[in-house]
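Listed below, chain by chain, are the residues.
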Amino acid sequence: MEQTSTTTEHNIESVKFEDNNGVDGGNEQKIKDIFQDGEVYESPTDLNVTKTIPVENVPPLKWVNFELLPKKMKITNSGYTVILSAKWGQERPYITGGTLSGKYVFSQLHLHWGVNDMEGSEHTVDGCHHPGEMHVVTFKSCYLTQESALKETDGVAILVYLFKLQDEAHKGFSIITDALSGIAQAHTSMKIEPVDLNQLIKQFWTDYFMYKGSVSTSDCVHHITWMITRYPMAVSAEQIDSLRYLMDDSDELIKRNFRTIIPRDDRRIFHVLPSKSKYSTMLPLSDYDKVITQIYRMELELNSNPLYVLQGEKDLIRQKLIQMKKSEEYRNDENVNKKPVKYVKIMEVIKKYINNLF
Ligand SMILES: [Zn+2]
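Rules and cut-offs
- Residues numbered from 1 in each chain as written.
- Predicted model: local features only at pLDDT ≥ 70, side-chain atom pairs only at ≥ 80, totals over all residues.
- Heavy atoms only, no water.
- Core = buried A, V, L, I, M, F, W, Y, C linked by side-chain atoms within 4.5 Å.
- Buried < 20%, exposed > 50% of the residue type's maximum accessible area, 1.4 Å probe, protein only.
- Contact = heavy atoms within 4.5 Å.
- Helix = DSSP H or I, 4+ residues; strand = E, 2+ residues; numbered from the N terminus.
- Pairing = 2+ DSSP bridges.
- Donors = N, O, S within 2.8 Å, 3.2 Å for Na, K, Ca; no water.
- Patch = residues over 30% accessible without salt bridge, like charges linked within 9 Å, V, L, I, M, F, W, Y side chains within 5 Å.
- Areas by Shrake-Rupley, 256 points an atom, 1.4 Å probe, with all protein chains shown as cover.
- Salt bridge = Lys/Arg side-chain N within 4 Å of Asp/Glu carboxyl O.
- Lys, Arg positive; Asp, Glu negative; His and termini not counted.
- Charge placed at Lys NZ, Arg CZ, Asp CG, Glu CD.
- Phe/Tyr/Trp six-rings, centres within 6.5 Å; stacked < 30°, edge-to-face > 60°.
- Polar contact = N/O pair within 3.5 Å; in protein donor to acceptor, adjacent residues only side chain to side chain.

Asker: Where do I start with the nonpolar core in this structure?
Answerer: Among soluble globular proteins, nonpolar side chains are generally buried collectively. Ranked by size, the top nonpolar core spans 53 residues in total, and within it Val-82 and Ile-201 carry the most contacts. When neighbours within four sequence positions are excluded, Val-82 is seen to be in contact with Ile-75, Thr-76, Leu-109, His-110, Leu-111, Trp-113, Ile-176, Leu-180, Ile-183, Leu-243 and Leu-246. If you look at the next biggest cluster of nonpolar residues, it comprises 21 residues, including Tyr-94, Tyr-143, Val-156 and Ile-158.

Asker: Would you mind showing me how to read the pairing of strand β6 (residues 61-64) here?
Answerer: A regular strand places its side chains so that they alternate between the two faces of the sheet. Taking every second residue as pointing to the same face, the buried face of β6 carries Leu-61 and Trp-63, while none of Lys-62 and Val-64 on the other face is buried. Taken together, the four bridges between β6 and strand β9 (residues 94-97) define a ladder with antiparallel strand orientation. From the neighbouring strand, Val-64 faces β9, where its bridge partner is Tyr-94.

Asker: Help me understand the coordination of the zinc ion, please; the structure alone is not making it clear to me.
Answerer: Ideal geometry at a metal centre: 109.5 degrees between donors when four sit tetrahedrally, and 90 or 180 degrees when six sit octahedrally. Those donors, His-110 (NE2), His-112 (NE2) and His-135 (ND1), are the protein atoms that reach the zinc ion, and they lie 2.0 to 2.1 Å from it. Coordination of the zinc ion draws on donor residues from a single chain, spaced H-x1-H-x22-H in sequence. With His-112 in strand β10 (residues 104-113) and His-135 in strand β12 (residues 132-140), this residue pair connects regions lying 23 residues apart in the sequence. The residues His-112 and His-135 share a single accessibility class, namely buried.

Asker: Even after reading the chapter, I still don't get unusual backbone geometry, so can you show me in this structure?
Answerer: Negative phi values dominate among residues other than glycine, just as trans dominates among peptide bonds. Here the amide bond leading from Ser-43 into Pro-44 is cis, since omega sits at -5°, within 30 degrees of zero. Counting through the fold element by element, Pro-44 comes out in the loop between β3 (41-42) and β4 (46-47). Even without being glycine, His-187 reaches a positive phi, approximately 60°. Looking at the element boundaries, His-187 is found in the loop between α4 (174-177) and β14 (188-192). A positive phi is found at Asp-251, a non-glycine position, where the angle reads about 60°. Mapping Asp-251 onto the fold places it in the loop between α5 (237-243) and β18 (270-272).

Asker: Can you walk me through a positive patch on the surface in this structure?
Answerer: On the surface, a cluster of positive charge is contributed by Lys-72, Lys-74, Lys-87 and Lys-191. Position of Lys-72 relative to the elements: it lies in strand β7 (residues 72-77). The exposure class of Lys-72 is partly exposed, given its relative accessible area of 48%.

Asker: What is the right way to look at the pairing of strand β15 (residues 208-216) in this model?
Answerer: With eight of nine residues buried, β15 is to be regarded as a mostly interior element. Taken together, the three bridges between β15 and β18 define a ladder with antiparallel strand orientation. Considered in β18, the bridge of Tyr-208 is made with Val-272. Summarising the sheet, β15 and strand β16 (residues 221-229) pair through nine bridges and their orientation is antiparallel.

Asker: Hey, could you run me through the packing of aromatic side chains in this one?
Answerer: Between two aromatic rings, the relevant description is the distance of the centres plus the angle of the planes. Under the criterion given, the structure shown has seven aromatic pairs. When the ring of Phe-163 is compared with that of Phe-173, the centres are 5.3 Å apart and the planes differ by 55°; the resulting orientation is tilted. Of this pair, Phe-163 sits in strand β13 (residues 156-165) while Phe-173 sits in the loop between β13 and α4, and the two are 10 residues apart along the sequence. Each member of the pair, Phe-163 as well as Phe-173, carries the same accessibility label: buried. Measuring from centroid to centroid gives 6.5 Å for Tyr-211 and Trp-226, while their planes differ by 20°, and the two rings are stacked. Here Tyr-211, found in strand β15, pairs with Trp-226, found in strand β16; they are 15 residues apart in sequence, far enough to count as distant. Residue Tyr-211 is classed as buried on the basis of its relative accessible area, which comes to 0%. Relative accessible area serves as the criterion here: at 2%, Trp-226 is assigned to the buried category. By the ring-pair criterion, three or more aromatic residues cluster together here, those being Trp-63, Phe-66, Tyr-161, Phe-204 and Tyr-208.

Asker: Explanation requested: the environment of Gln-239 in the structure shown.
Answerer: Looking at the element boundaries, Gln-239 is found in helix α5. C-alpha separation for the pair Gln-239 and Leu-165, spaced 74 residues apart in sequence, amounts to 9.5 Å. Look past the residues within four positions of Gln-239 in its chain and what remains in contact with it is Ala-169, His-170, Phe-173, Ser-174 and Thr-177.

Asker: Teacher, can you tell me more about the side chain of Asp-207 here?
Answerer: With respect to the helices, strands and loops of the structure, Asp-207 is situated in the loop between β14 and β15. Residue class for Asp-207 comes out buried when judged on its relative accessible area of 2%. At 3.2 Å, the side chain of Asp-207 and the side chain of Arg-230 are in polar contact.

Asker: I would appreciate a short explanation of the side chain of Asp-248 in the present structure.
Answerer: Within the secondary structure layout, Asp-248 lies in the loop between α5 and β18. No salt bridge is formed by the buried Asp-248; its nearest oppositely charged neighbour, Lys-255, is found at 9.2 Å. Excluding residues that lie within four positions of it along the chain, Asp-248 makes contacts with Gly-79, Ala-186, Leu-253 and Ile-254.

Asker: Hey, could you run me through the pattern of salt bridges in this one?
Answerer: As a working rule, side chains carrying opposite charge can pair if their charged atoms are close by. Taken as a whole and assessed by the stated rule, the structure comprises six salt bridges. Between Arg-244 and Asp-117 there is a salt bridge; the shortest N-O distance is 2.9 Å. A residue pair is termed long-range when its members are at least 10 positions apart, and Arg-244 in the loop between α5 and β18 and Asp-117 in the loop between β10 and β11 (124-125) qualify at 127 residues. Note that Arg-230 is salt-bridged to Asp-207, the shortest N-O span being 3.2 Å. In this pair, Arg-230 sits in the loop between β16 and β17 (233-235) while Asp-207 sits in the loop between β14 and β15, placing the two residues 23 residues apart along the sequence. Per residue, the accessibility class of Arg-230 equals that of Asp-207, and both read buried.

See below:
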């Protein structure tokens, strides 16, 4: 496998494999050198498409056995999150290809959320949270178990789906959300009617972000390969809300289970097989969503500490409001009824701002 990369000491600007057959052809070491080695910073972090390293000519991700119906499926309230796990016969779903070397078999999927729809995702996009995030955990099959894979630097890969809101419930996702009342208490689990993972997980082959990021637990540090699809998973506000009734170890509601963003520093975030229209394709928030999110967050901060908003920030909000006014047509278009509740709510927020600040 030939590979060209524009390199300045620690900095790779792009990676281009000349011959994508080479990746399948056993050139594991080169993939390892570029994608697995190097300094690993803690996850999660912010994603910004302009600060990624494009990777061209690697094979697309391959999804195998995701159509297989499991023999058993269950959901568990771990006291921190809800986990969906399943048992298959001999064949299990796995992913391979892309920047991975080897097969990564499905282990479980779990969710992250917050107290309202303006937070909840672990990763942020251009500084903004999404209402939640689904993690599909896979481990490299040669390590046999997830536990032993976690001890390796290339043992675990997590596929990340950021949530976005839509009016209709996500049909596959309701397999989980409809059953939550049965596992409200921490450390309870429940069998559910098995479905194939394609009902829940949308496959992606290209146009995703990839980085190595560590996760620290009380006694050790695990290295995770994070793979984030640019296409968010559309679920309803009610579905996300149903997660907020799960309870933790002390019988309190699990309000927030996302970790703090770690600054990107000079970590490498790759953009694997970027789509041609990479600057126009939505990574996930539109400008309009961003403005709403920022204003809403400032409002939360203002409510918790009125002294927090300084003159500079007021100016910033003023600018945002002017931008919002410019996008008035967007709000008033004929599809307004199809927009999520937040588009309606935002008008109240703006009014409050105008009264309070100006
Ligand atoms: Zn997670």
